[in-house]
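# Fold and geometry: a report
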Amino acid sequence: MRTHRRGGLRLLLATGSLVAAGTLITAASFTDYADVDVALDGSRNTFDIVASGKADPSWQPTQADWDQANPRAFRIALTNDGSGYTMAPGSILDLRIAAKNNSPRLAANLGLRILDPHPRGNQTDPNTGHFVELFDQLVFTVKDGGTVLLDRVPAAQLTTINWNDPLQPGAFKLLDVRVELPYSVDNRWQMASTDIQFNFQAVNP
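What you are looking at is a predicted structure, and each value in this text was computed from that prediction instead of being measured.

### What to know about the pairing of strand β3 (residues 49-54)
- Most of β3 sits out of view: five of its six residues are buried.
- Alignment of β3 against strand β6 (residues 92-101), held across six bridges, turns out to be antiparallel. Across the sheet, residue Lys-54 finds its bridge partner in β6, namely Arg-96.
- In terms of strand pairing, β3 meets strand β4 (residues 67-68) through two bridges, oriented antiparallel. Within β4, the position partnered with Ala-51 by the bridge is Asp-67.

### Side note on the packing of aromatic side chains
- All told, the structure shown has four aromatic pairs when counted by the stated rule.
- Judged by centre distance (6.2 Å) and plane angle (25°), the rings of Phe-74 and Phe-198 are stacked. With Phe-74 in strand β5 (residues 74-78) and Phe-198 in strand β12 (residues 194-203), this pair connects stretches of sequence that are 124 residues apart. Grouping residues by exposure puts Phe-74 and Phe-198 together as buried.
- Between Phe-135 and Phe-140, the ring centres sit 5.8 Å apart and the planes meet at 45°, which makes this aromatic pair tilted. Neither residue differs from the other here; Phe-135 and Phe-140 are each classed as buried.

### Describing the sheet that holds strand β7 (residues 109-115)
- With antiparallel pairing, the four strands of this open sheet are ordered in space as β5-β12-β7-β10. This sheet does not close on itself; its edge strands, each paired only once, are β5 and β10 (161-162).
- Pairing of β5 with β12 involves five bridges; the strand directions are antiparallel. Bridge pairing in β12 links Phe-74 to Phe-198.

Cut-offs applied
- Residues numbered from 1 in each chain as written.
- Predicted model: local features only at pLDDT ≥ 70, side-chain atom pairs only at ≥ 80, totals over all residues.
- Heavy atoms only, no water.
- Buried < 20%, exposed > 50% of the residue type's maximum accessible area, 1.4 Å probe, protein only.
- Helix = DSSP H or I, 4+ residues; strand = E, 2+ residues; numbered from the N terminus.
- Pairing = 2+ DSSP bridges.
- Phe/Tyr/Trp six-rings, centres within 6.5 Å; stacked < 30°, edge-to-face > 60°.

So yeah, pure geometry; function would need other evidence.
Below, the structure is given as structure tokens:
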């Protein structure tokens, strides 16, 4: 900080002007100034959300499990070729997903969307005539501890889950997810498959 002390001199000059002018001047003022250098460090104001998950209802995330939630979301594959998880009518897949606020100091308002990353609608296999898309036949349950956020909601009725309380820096949400394929799904979906994308979204409140 550098201070220029000119106040004393300016006060004398102003007072002198007041005496010389008599009744024409009724007030006098003086000013002083200083240079102030301010450094703004934004290195701890970064905003970072990481996510992870596993098809294991007892899973607990470790430091090595976290991955950037944007633009990549946690995905799980339901396939018919053995490369992912296979589901038959009446079967259930239990998994856990998690999102962590990895920001040094900024809180986050968190949301979750469950999506089909590559929807194929009513597309059919030209050889068998069977539907190739399984996502729309699935039913989802999501729990946050003892709170049920989605209770056996069909894929077509899924909405975004939003939490009212901001997620504080370093904190994470650990969610239990159940994916069901109802018994009512018949042979028209035999050999159908899908990816399920758990897309966490966050904004700084």
